[in-house]
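Architecture at a glance
As a plain string of letters, each chain reads:
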Amino acid sequence: MNYASVRHLVASLLMVAGVLITASCSGPAEPGVAPNFAKAASGPSVTSADPAYGHKGDVGKQVTIIGSGFTAGAVVAWERNGVPEPKIQVISTQYVSSSQVIATITIAADATVDLYDISVTNKDRKKGIGYALFEVTQAVAISGTENAFGVNSNGQITGRVGVPGAFYFSDASGLVTLGGNGHGSDLSEDGFAVVGGNTINASNGQAYIFTLSGGVWTEAFLPKDPASCIATARAVASDPTTGAAMLIGGVENGGCYSGSNLHRKPRVWTPSGSGWTRMILPGGTNTDDLLNGITAGGIAVGRANNQAAVWDPNGPGAWALTLIGPQGSFLNGINNSGTLAVGGTTAGNSTAAAYWIRSGSIWSGPFGLPGGCTSAADVDESGRIVANDCANGNRRTPAVILSPYGAGNVIFLGGLGDSRNASSIQGISAQGGWIVGQASLKNLGTGVYWRIF
């Protein structure tokens, strides 16, 4: 069989297979030399976007698209499922180089919080798509921080900046580094007190309160048992009228264990003159109790004996422990009225978000929450529950669950462009409207807040 016949047969087979290759040949091939099939030029590829997120209502936002094979006159589009997204309009595209173009976009106020693909199409109609490279989100990064743990109804926030520790943030003041090692866990409604303590695995640590007076933050340590190595303030309750800190809840190690934070027991600190007095709450029989939330009325919630636990005031300086279970359950937050507590339950190796309702002195539940979430983090006075690790399409994200708690009342929260949506909620303000936590930004954890109401 001669070369022409071979070429015809190969071309026929490739056409049958749905492959088109253009052959180039100036004459018969020399004996022993393979035919010269010229490969068609490859199209563009899209690898990343910077920034990788935007917010509803953004106008004239510039996004740098990184990839390869771009040519002058390339057109950029935001897509979902291969269809251009009408809620994200590309106003202009600036060609910079074969590896970079800059798109200027407008995001509609009613755009869906989700991940979007980005495509680049050259003038020759060759197209490249980068999948799940851009997120429309409600999350706002608090630059320079690692995590946000507490927020009040004025949008004042505390959390961790790394070394030296706690921070205070508001739109008015910006980021203020407080120090104290560890992190700020919570703050009062008036914004004049931040409580916290050392990190969980610290070998020696102290619970503390920072107070603001005359524009200066001052740190004071909360008392602890001298035999205890670690104490951490985890929650603050505010006076309903003044907003001032009136109770602090937390935990204290019952002893010293190098590199360990077991044998934790619940504690409450109450005002005493210009300082604070340490109160001992009854604990369970195991060695890992937690107090996670406290109300102005002194009702505290957490975990004891590996069950959801409630501590109720029971006379001056005394509390009574009630286990509302079941085994493997826990409470993370309670509304200030003391009637709705949230957390989760454990079955085997899985957990599920849940809530408990109080009527008189009787606790119900637990009741499961919609959304497939693994844990409820907190609740506000109107009953809005914030939860983590909720099933959102093919990924898992934080969510707000509105009352009544049905599938149609789940609002998913976005991250900062990480397709894994590596974000989590830590808390919600008492009057709602402000939610805080952490999201992944360029593979680093960053404190964030969400405003959705």
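Coordinates for the structure precede this section.
The model shown is predicted, which means the values in this text are computed figures rather than measured ones. Per chain, the residues get numbers from 1 upward, laid out in the order the sequence is written. Restriction of local features to residues with pLDDT of at least 70 applies here, the model being predicted, together with a cutoff of 80 or more for giving and counting side-chain atom pairs; totals for whole chains, interfaces and linings are based on all residues. The side-chain values count all of the structure's non-hydrogen atoms but skip hydrogen atoms and water molecules.

So, on to the overall build of the chain. In DSSP terms, a helix is any run of H or I states spanning at least four residues, a strand is any run of E spanning at least two, and both are numbered starting from the N terminus. Counting secondary structure elements, the chain contains one helix and 38 strands. When checking whether two residues touch, look at their non-hydrogen atoms; a contact exists if any pair is within 4.5 Å. Partitioning the contacts of the chain with sequence separation of at least 6, the portion at a separation of at least 24 is 47%. Note that accessible areas follow from Shrake-Rupley with a 1.4 Å probe, and for residues the cover is restricted to the protein chains shown. Counting every atom, the chain has about 20100 Å² of accessible surface; 53% of that belongs to carbon and sulfur.

This part takes up the side chain of Lys61. Mapped onto the elements, Lys61 comes out in strand 3 (residues 61–68). The buried label goes to any residue with under 20% of its type's maximum accessible area, the exposed label to any with over 50%, and the partly exposed label to all in between, with areas taken from a 1.4 Å probe on protein chains only. Accessibility expressed as a relative area gives 19% for Lys61, which makes it buried. In this structure, Lys61 is in contact with Pro51, Tyr53, Gly54, Ala103, Thr104, Ile105 and Phe134, ignoring residues within four places of it in sequence.

A strand pair is defined by DSSP finding two or more bridges across the two strands. The five strands lie next to each other as 2-9-8-4-5, forming an open sheet whose pairing is mixed. On the outer flanks of this sheet lie strand 2 (53–55) and strand 5 (83–84), each paired with one strand and no other.

Before going further, it helps to spend a moment on the pattern of salt bridges. In what follows, salt bridge is the name for a side-chain nitrogen of Lys or Arg lying within 4 Å of a carboxyl oxygen of Asp or Glu. All told, the structure shown has 18 salt bridges when counted by the stated rule. The residue Glu135 makes a salt bridge to Arg395 at a minimum N-O spacing of 3.4 Å. Of this pair, Glu135 sits in strand 9 (residues 127–137) while Arg395 sits in strand 34 (residues 395–401); the two residues are 260 residues apart in sequence, bridging distant segments of the chain. In this structure, Glu135 and Arg395 share a single accessibility class: buried. Its salt-bridge partner being Arg303, residue Asp288 comes within 3.1 Å of it at the nearest N-O pair. In this pair, Asp288 sits in the loop between strand 22 (275–280) and strand 23 (290–294) while Arg303 sits in strand 24 (residues 300–304), placing the two residues 15 residues apart along the sequence. Several salt bridges converge on common partners, so that one network encompasses Arg80, Glu85, Asp114, Glu135 and Arg395.

In this section: the sheet that holds strand 13 (residues 165–170). Backbone hydrogen bonds are what pair the strands of a sheet, in a parallel or an antiparallel way. Strands sit in the order 11-12-13-14 across an open sheet of four strands; the sheet is antiparallel. Taken across any chain shown, the strands that pair with only one partner, and hence form the sheet edges, are strand 11 (147–151) and strand 14 (174–180). Between one strand axis and the next, the sheet turns through 30 degrees on average, direction left out of account. Taken together, the four bridges between strand 11 and strand 12 (residues 157–160) define a ladder with antiparallel strand orientation. Bridge pairing in strand 12 links Asn147 to Arg160. Think of each axis as a best-fit line through the C-alpha atoms, taken over the contacting stretch in the case of a helix, with angles from 0 to 180 degrees between the N-to-C directions.

Moving on to the state of the cysteines. Working definition: a disulfide is two cysteine sulfur atoms within 2.5 Å of each other. Applying the stated rule across the entire model yields one disulfide. One disulfide bridge connects Cys373 with Cys390, the sulfur atoms lying 2.0 Å from each other. What sets the handedness of the Cys373 and Cys390 disulfide is the S-S torsion sign, and at about 110 degrees it is right-handed. With a gap of 17 residues between them, Cys373 in the loop between strand 31 (367–368) and strand 32 (375–379) and Cys390 in strand 33 (residues 385–392) connect regions that are remote in the sequence. The residues Cys373 and Cys390 share a single accessibility class, namely buried.

A few words on the environment of Gly130. Its place among the elements puts Gly130 in strand 9. Gly130 sits in the buried class, given a relative accessible area of 2%. Put simply, Gly130 and Ile118 are 12 residues apart on the chain and 5.3 Å apart in space, counted from C-alpha to C-alpha. Among residues more than four places away in sequence, those in contact with Gly130 are Val46, Asp117 and Ile118.

We now examine the side chain of Gln138. Within the element layout of this structure, Gln138 appears in the loop between strand 9 and strand 10 (139–141). Counted as a polar contact is a pair of N or O atoms within 3.5 Å, where, for protein atoms, one must be capable of donating a hydrogen and the other of accepting one, and residues adjacent in sequence contribute only when both atoms are in side chains. At a separation of 3.1 Å, a polar atom in the side chain of Gln138 contacts the main-chain carbonyl oxygen of Phe412. Excluding its chain neighbours within four sequence positions, the residues that come into contact with Gln138 are His55, Val113, Ile411, Phe412, Leu413, Gly414, Tyr449, Trp450, Arg451 and Ile452.

So, about the nonpolar core. In this text, buried Ala, Val, Leu, Ile, Met, Phe, Trp, Tyr and Cys residues form a nonpolar core when linked through side-chain atoms within 4.5 Å. Counting residues in hydrophobic clusters, the biggest one holds 20 residues, and the most contacted among them are Ile65, Val76, Trp78, Ile105, Ile118 and Phe134. When residues of this core are traced back to their parent elements, those giving at least two are strand 1 (45–50), strand 3, strand 4 (75–80), strand 7 (100–107), strand 8 (114–121) and strand 9. No other element matches the four residues that strand 7 contributes to this core. Those residues within four positions of Ile118 in sequence are excluded, and the remaining contacts are Val46, Ala49, Ile65, Val76, Ala77, Trp78, Gly128, Ile129, Gly130, Leu133 and Phe134. Membership of the second largest hydrophobic core comes to 15 residues, among which are Leu340, Val342, Cys390 and Ile401.

Another point: the pairing of strand 21 (residues 264–272). Most of strand 21 sits inside the fold, with seven of its nine residues counted as buried. Taken together, the six bridges between strand 20 (residues 245–253) and strand 21 define a ladder with antiparallel strand orientation. Considered in strand 21, the bridge of Ile248 is made with Trp269. For strand 21 and strand 22, the ladder comprises six bridges, and the chain directions are antiparallel. Looking across to strand 22, one finds that Thr270 is bridged to Thr277. Here strand 21 folds back onto strand 22, and the loop between the two strands holds two residues, one of which, Gly273, carries a positive phi near 65 degrees.

Any Phe, Tyr or Trp ring, taking Trp's six-membered ring, that has another such ring centre within 6.5 Å forms a pair; planes under 30 degrees apart are called stacked, those over 60 apart edge-to-face, and the others tilted. Counted by the stated rule, this structure contains seven aromatic pairs. Note on Tyr208 and Phe210: the rings are 5.2 Å apart at their centroids and 75 degrees apart in plane angle, and the pair reads as edge-to-face. Residue Phe210 is classed as buried on the basis of its relative accessible area, which comes to 2%. A connected cluster of aromatic rings, assembled from ring pairs, spans Phe169, Trp434 and Tyr449.

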